[in-house]
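# A structural walkthrough
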Amino acid sequence: MTIKFVKENKEVIIANGANLRQKGLENGIDIYTLKGKVMNCGGYGQCGLCVVEITEGMDNLSPRTDVENRKLRKKPTTYRLACQTLVNGSVSVKTKP
């Protein structure tokens, strides 16, 4: 299974149930905008700054959490908070949509 980071043109091999934010950061993927780098909550779903767009493999992700439903209520259904998203199959992701 892989996470493909589209803008960065990088594929990361993952284990089932991997956290999207954690895998991105471990592999040098810049998930946050400048504000997010300074203000992020460390992966607890509080800030809403690790938004990504899922371009392929939406069915391979954990369902949106209540936190995501609140933070992303005005965003497209393809948007997720990376810190709240568990990956259970191959996906393609756009950072900083």
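For the structure, check the block above.
Keep in mind the model is a prediction, meaning the values are calculated, not measured.

The biggest cluster of nonpolar side chains holds 23 residues, and the ones touching the most others in it are Ile 3, Phe 5, Leu 20, Cys 50, Leu 81, Val 87 and Val 93. Elements that contribute at least two residues to this core include exactly strand S1 (2-5), strand S4 (51-56), strand S5 (79-81) and strand S7 (91-95).

So, on to the pairing of S7. Burial runs high along S7: 4 of the 5 residues are buried. As paired elements, S1 and S7 share 3 bridges and run parallel to each other. The partner of Ile 3 across the bridge, within S7, is Val 91. Judged from the 4 bridges that link them, S4 and S7 form a sheet pairing that is antiparallel. Bridging across to S7, Glu 53 finds its partner in Lys 94.

Attention shifts here to the sheet that holds S1. One open sheet holds the 5 strands; their spatial order is S2-S1-S7-S4-S5, and the pairing between them is mixed. A single partner strand is all that each edge strand has here, and the edge strands are strand S2 (10-13) and S5. Mean inter-strand twist for the sheet, computed between neighbouring axes without regard to direction, equals 35 degrees.

By the secondary structure assignment, Thr 78 is in the loop between helix H3 (66-71) and S5. The class of Thr 78 is partly exposed, set by a relative accessible area of 28%. With 22 residues separating them in the primary sequence, Thr 78 and Glu 56 have C-alpha atoms 9.2 Å apart. Setting aside residues no more than four positions away along its own chain, Thr 78 makes contact with Val 52, Glu 53, Ile 54 and Met 58.

Here we take up the pattern of salt bridges. Taken as a whole and assessed by the stated rule, the structure comprises 4 salt bridges. Taken together, the shared-partner salt bridges in this structure form one network comprising Asp 30, Lys 37 and Lys 96.

Definitions and limits used
- Residues numbered from 1 in each chain as written.
- Predicted model: local features only at pLDDT ≥ 70, side-chain atom pairs only at ≥ 80, totals over all residues.
- Heavy atoms only, no water.
- Core = buried A, V, L, I, M, F, W, Y, C linked by side-chain atoms within 4.5 Å.
- Buried < 20%, exposed > 50% of the residue type's maximum accessible area, 1.4 Å probe, protein only.
- Helix = DSSP H or I, 4+ residues; strand = E, 2+ residues; numbered from the N terminus.
- Pairing = 2+ DSSP bridges.
- Axes fitted to C-alpha atoms, helices over the stretch in contact; angles between N-to-C directions.
- Contact = heavy atoms within 4.5 Å.
- Salt bridge = Lys/Arg side-chain N within 4 Å of Asp/Glu carboxyl O.

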